[in-house]
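Structure assessment
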Amino acid sequence: MDPNENLPQCWKDYNDVVAAGIDRVILFGPPGTGKTYAGLNMGDTDSGAWRLVCTEDMTNFDVTGGFLPGADGSFDWNDGAAIKAWRGNGITGGRLVVDEIDKAGGDVFATLLAMTDTVDSAKWENPATGRIETPKEGFSVVMTTNIENMEELPSALKDRFPCAIRINEPHPDALLNLPRNIREYARKMADAGDRRISLRQFYAYGQLAKNHGDERAANLIFGPKAEAFLDAIKVDTV
Amino acid sequence: MTTIMEMKRKDLRPMPELIRRKDGANDEPAEWTVQPCAAERGAPMTGILPRVMLVPVQDFELDRVIRAHEMMHAKVSPGNRGPWIDRGICSDRAMICAEEARVNFLVAKAGFDLEHLEDGTEQNAGERISERGDWEEAVFYTAAISGCGGLNKYLVGIRRHRPAWAPRLRRIHQLIQKEFRRIDRAASKGNDTPLSSTRTRSGRLDPNKELVEGYFHTESIGEWLDRLAEEPHPDEKEEEEDEKKNPDDESESEAAGDDKDRGVGADKEGDMEPPLSKADLESQKPIRKESAGSWAQLNVKEQNLTRHVPGGLGKKRIASNMGRNPRRIGRMFTDPQKRIFDRKIKGNGGVVLIDYSGSMALDEQDVLKIMEAAPGCTVACYTTNDYDKDGRANLWVLGARGRMTTKIPRSRGGNGVDHPALVWAIQQKQSGNAPIVWVTDGGVLGPGQGYSDQLSMQCIKTCIKSKVLIRDRVSSAVELLNDIAARKPIKRWWPLYFRMSYKRQTGLSLTDIR
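Note that residues are indexed from 1 along each chain, following the sequence as it is written. Chains carry letters and ligands carry numbers; both start at the beginning, A for chains and 1 for ligands, and go up in the order they are written. Owing to the predicted nature of the model, reporting of local features is limited to residues with pLDDT of at least 70; listing and counting of side-chain atom pairs is limited to 80 or more, with chain, interface and lining totals taken over all residues. By convention in this description, side-chain values take in all heavy atoms of the structure and omit both hydrogens and water.

**So, the overall build of chain A**
Our working rule: By definition, any uninterrupted DSSP run of H or I lasting at least four residues is a helix, any uninterrupted run of E lasting at least two residues is a strand, and each is numbered from the N terminus. Note on exposure labels: buried denotes an accessible area under 20% of the residue type's maximum, exposed denotes more than 50%, and partly exposed covers the range between, all computed with a 1.4 Å probe on protein chains only. Two residues qualify as a contact provided that any one of their heavy atoms is within 4.5 Å of a heavy atom in the partner residue.
On a plain count of helices and strands, chain A comes out with 10 helices and nine strands. By its C-alpha atoms, chain A is 70 × 45 × 35 Å across when sized along the principal axes. Going through the 238 residues of chain A one by one, you find that 47% of them count as buried. Sequence-distant contacts in chain A: of pairs separated by 6 or more residues, those separated by 24 or more amount to 65%.

Laid out in structure tokens, this is it:
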């Protein structure tokens, strides 16, 4: 049986892209649909997967590494996520998952561009040992972002990531933890714009509803949207 | 306590994104455009395929019920009504109003209080409709607000000018609700399709083209509304008059009772009576969903029309005072205008449509006989199979413009396109008076389907409207064509299938329609 058969289109696309050996992928779309989870776990991640969450205040320490005080009073070099992913398990490269790369500051962004370059062009000199590091064969990068319009991304970045997939619904496996009666609602509300209800809210709602009933759970979790939510379910289950 | 200002300030947009359907619409998670609008009749709307909804968003009970109503449209209404309109089973207005009734019934079933569903315009609407004496709109509007809080006010408005209409309209509302309750009960036992079903008949997921199962109920109610809204035929009027003479008749006493409350604007005694008698209303039945059918697509092919057919149906010579050959010399003394010559007048032409299905058991010679009896007419035959693919011809033009073919296609056994062929034949009329003759036994069927009252009623209505003459045998068809040519008076005749269907659905006799 085709493992893709019952998957939503966006997840089929992602599986096909990864299976075809594309090693630079952007996953974008509404939050809470499992983009980062997919980057860390789906496809060939046997050599390890490392995550970088980009913020304006982060430094290259998180990307390439830096010196930290050791137990003996000296300074020891600690590798950053990108270098760890380059090395992978020592034989093949690992997976680097970069969340919200568009939020990184200028110098970190430049370093990330260098780190996510093609295997032939990417090089980095370790300041502690002077060794030249290059990514191992099999190194891959998955970038995730909530930006809806890919045109807003810098062209150098777009150039490195030729494949962008919009993830508009949660992976079916992620829905299995929800009560059966709200799984489909969680799927449909993942991409409802201003009225979006995240998977995490549905987890909490499902948990609360078990103990306190639908109405109380909806009021506690969805606040002013509770009436609209409950009315919609009433109509839907007619 | 929530103040009115707080209720007004609230923005309670519904969540149509959450609605699940079985026809493929709204399946992909995506945001709807939900815009606020006034809580007035006509303002809210729902577009399922473009994912647009206009609804009032404030925190009032009326707003909430309107939101539920629009959400129910998003849940059960077809994404595109085009394929339903194309079926031609009922009028567009009837279909819209029947759908409002179905949606309101389902909203009430979901637990919303429909008593709140009134915007204060119902009484005015009732007055306006009754003042104009627009029975058709009175019936449709009743269906549109059936089950809502505004119904009583609407009937108050109706009573202002047509007091006798109100009980009849109320009964129509009751019958609509009764029919929905029946369907709902049957569906809960698995004996009928649920009212809210959005499964497609074909099983294909295409909300733009496919027919959703639940809407067949709407179509049936719509077709029934069309019958109720129809102005009576002259003979039916006579029946009603007879009915009035009978003092035991309940409808009479009811109408008389209402006359006491007659309002302003009642001009004549006759205007006060509803065009539909109580007996007729009770005998008219909505078609059950299992009696619903559909036609195949009509594909027309013109055969090679190689043989010239002299003459024309209805063509004749009349006396004239100009000419070369004095054929009517006797008129020299008898006719003051001395019309001793002849002049040919063109016939009206005509259209002959032949049901060439297996049940008719016609052979090529039979078809040729009919064609020869119909000179100058457009002659066509139709037949199809349930396994025919789109595009394969199922109606052949055998004669037109004074020429005919000698090559008659072989019958393919089935009917499949009776009504589309009939509509095509009506469109071929050369003039308004041109007769249309349909040679059929009345066993009209959709492709691969059994006989259905819905499809036969559609054919009957079209025949009545366009004065189509039906004959079931070659000999009687030839005789009819000869009578038309001789300009003899023609008697209308209906096949047994049609008579039975009409009786079942309307309680009336089709033979009374002349």
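**Let's talk about the nonpolar core**
Basically, it comes down to this: As used in this record, nonpolar core signifies buried Ala, Val, Leu, Ile, Met, Phe, Trp, Tyr and Cys residues forming a set joined through side-chain atoms within 4.5 Å.
Counting residues in hydrophobic clusters, the biggest one holds 80 residues, and the most contacted among them are A:Phe202, A:Tyr205, A:Phe229, B:Tyr154, B:Leu169, B:Ile172 and B:Leu225. Discounting chain neighbours no more than four positions away, the residues touching B:Tyr154 are B:Glu122, B:Gln123, B:Ala125, B:Gly126, B:Ile129, B:Glu137, B:Ala138, B:Tyr141, B:Thr142, B:Ile145 and B:Leu169. Residues B:Tyr382, B:Leu455, B:Val468 and B:Trp494 belong to the second largest nonpolar core, which totals 35 residues.

**Some details on the interface of chain B and chain A**
To keep it simple, the criterion reads: Put simply, buried area is how much 1.4 Å-probe accessible surface two parts lose in total, over both of them, once they are put together. We define a salt bridge as a contact between a side-chain nitrogen of Lys or Arg and a carboxyl oxygen of Asp or Glu at a distance within 4 Å. In the analysis that follows, any N or O atom pair within 3.5 Å is treated as a polar contact, provided that within protein one partner can donate a hydrogen and the other can accept it, and provided that, for residues neighboring in sequence, both atoms belong to side chains. Here the nonpolar group is Ala, Val, Leu, Ile, Met, Phe, Trp, Tyr, Cys and Pro; Asp, Glu, Lys and Arg are the charged ones; every other residue, Gly included, is treated as polar.
At the interface, 30 residues of chain B touch 26 residues of chain A. On the chain B side of the contact with chain A, B:Met15, B:Leu18 and B:Pro29 bury the most area, a combined 30% of that side's loss. Between B:Arg64 and A:Asp231 there is a salt bridge, with the nearest N and O atoms lying 2.7 Å from each other. Linking chain B with chain A are 14 residue pairs in polar contact (both at pLDDT 80 or more). Those elements that place two or more of their residues in the side of chain B that touches chain A are α2 (61-76) and α4 (92-109) of chain B. Among the elements that line the side of chain B that touches chain A, the one with the most residues is α2(B), at six residues. Residue composition of the side of chain B that touches chain A, by class: 16 nonpolar, three polar and 11 charged.

**Considering the packing of α2(B) against α4(B)**
Residue and element names in this part refer to chain B. For clarity, the cut-off: Between N-to-C directions, angles span 0 to 180 degrees; the directions come from axes that are lines fitted to C-alpha atoms, helices contributing only their stretch in contact. When an angle is under 35 degrees it counts as roughly parallel; over 145 it counts as roughly antiparallel; between 65 and 115 it counts as roughly perpendicular; any other value is oblique.
For the pair α2 and α4, interaxial distance at closest approach is 9 Å and the crossing angle is 110°. Taken as axis vectors, α2 and α4 run roughly perpendicular relative to one another. The residues of α4 that touch α2, namely those facing Ala 68, His 69, Met 72, His 73 and Val 76, are Glu 99, Glu 100, Arg 102, Val 103, Asn 104, Leu 106 and Val 107.

**A short note on the confidence of the model for chain B**
Residue and element names in this part refer to chain B. Stated formally: By definition, pLDDT measures how confident the predictor is in each residue, and it falls between 0 and 100.
Taken as a whole, chain B shows an average pLDDT of 85; of its residues, 87% reach a score of 70 or greater. Predicted confidence is poor over residues 235-240, with pLDDT under 50, and the contacts of this stretch with residues over four places away or in other chains come to 13 contacts. Predicted confidence is poor over residues 245-270, with pLDDT under 50, and the contacts of this stretch with residues over four places away or in other chains come to 29 contacts. Here the predicted complex scores 0.76 on pTM and 0.78 on ipTM.

**Details of the packing of aromatic side chains**
Stated precisely, the cut-off is as follows: Ring geometry is summarised as follows: Phe, Tyr and Trp rings, the Trp one being its six-membered ring, pair when their centres sit within 6.5 Å, and such pairs are stacked at plane angles under 30 degrees, edge-to-face over 60 and tilted between the two. Note on geometry: a ring has a charge over it if NZ (lysine) or CZ (arginine) is within 6 Å of the ring centre and within 35 degrees of the ring normal.
One pass over the structure, following the stated rule, counts 16 aromatic pairs over all chains. Linked through ring pairs, A:Phe202, A:Tyr205, A:Phe222 and A:Phe229 together constitute an aromatic cluster. For the cation-ring pair, B:Arg201 lies above B:Phe216, with the distance from its terminal atom to the ring centre recorded as 4.1 Å.

**A short note on the side chain of B:Asp63**
Residue and element names in this part refer to chain B. The criterion, for reference: For the purpose of charge, His is not counted, nor are the chain termini; Lys and Arg are scored as positive and Asp and Glu as negative.
As for its placement among the helices and strands, Asp 63 is situated in helix α2. At 4.8 Å, Arg 67 is the nearest oppositely charged side chain to Asp 63, a buried residue that forms no salt bridge. Among residues more than four places away in sequence, those in contact with Asp 63 are Ala 39, Pro 56, Val 57 and Gln 58.

**What about a nonpolar patch on the surface?**
Test applied: Residues enter a patch when their relative accessible area is above 30% and they make no salt bridge; the linking distance is 9 Å between like charges and 5 Å between nonpolar side chains (Val, Leu, Ile, Met, Phe, Trp, Tyr). Methods summary: accessible areas were calculated by the Shrake-Rupley approach with a probe of 1.4 Å, and residue burial reflects only the protein chains presented.
On the surface, a cluster of nonpolar side chains totalling about 350 Å² of accessible area is made up of B:Ile329, B:Met332 and B:Phe333. Mapped onto the elements, B:Ile329 comes out in the loop between β6 (316-320) and α14 (331-334).

**Description of the environment of A:Ala209**
Residue position: A:Ala209 is located in helix α9 (residues 199-222). A:Ala209 has contacts with A:Asp214 and A:Ala217, leaving out every residue within four places of it along the chain.

**Observations concerning the sheet that holds strand β9 (residues 163-166) of chain A**
Residue and element names in this part refer to chain A. Our working rule: Paired strands are those between which DSSP finds at least two bridges.
Read from one edge to the other, the open sheet built from five strands follows the order β2-β5-β8-β1-β9, with strand pairing classed as parallel. The sheet terminates laterally at β2 (49-53) and β9, the two strands that pair on one side only. Sheet twist, expressed as the average angle between the axes of neighbouring strands with direction ignored, equals 20°. Contacts from helix α1 (residues 9-19) reach β1 (24-28), β5 (95-99), β8 (140-145) and β9 within the one sheet, and its direction differs from that of β9 by about 155°.

**Quick notes on unusual backbone geometry**
Leaving glycine out, the prevailing phi sign among residues is negative, and the prevailing peptide bond configuration is trans. All names here are of chain B. The backbone phi angle of Arg 51 is positive, close to 55°, even though this residue is not glycine. Summarising the element assignment, Arg 51 is placed in the loop between β2 (45-47) and β3 (52-55). In this model, Ala 361 sits at a positive phi of 50°, which is unusual for a non-glycine residue. You can see Ala 361 is positioned in the loop between β8 (351-355) and α15 (364-372).

**Details of the sheet that holds β2(B)**
Residues and elements named next belong to chain B. Strand order in this open sheet of three strands is β1-β3-β2, and the pairing throughout is mixed. Across the chains shown, the open sheet's two edge strands, defined by having one partner strand only, are β1 (33-36) and β2. Shown here is a sheet whose adjacent strand axes are inclined to one another by a mean of 15°, direction ignored. One ladder, built from three bridges, connects β2 with β3; its direction is antiparallel. Note that in β3 the partner of Thr 46 across the bridge is Met 53. Each of β2 and β3 touches α2; the most contacted strand, β3, lies at about 160° to it.

**Some points on helix α5 (residues 122-132) of chain B**
The complete set of buried residues in α5(B) reads B:Glu122, B:Ala125, B:Gly126, B:Glu127, B:Ile129 and B:Ser130. Of the residues trailing α5(B), B:Gly133 is marked for its positive phi of about 70°.

**Describing helix α5 (residues 106-115) of chain A**
Buried within α5(A) are the following residues: A:Val108, A:Phe109, A:Thr111, A:Leu112, A:Leu113 and A:Met115. Where α5(A) is buried, its residues meet β2, α3 (60-63), α4 (81-87), β5, β6 (124-125) and α6 (155-160) of chain A.

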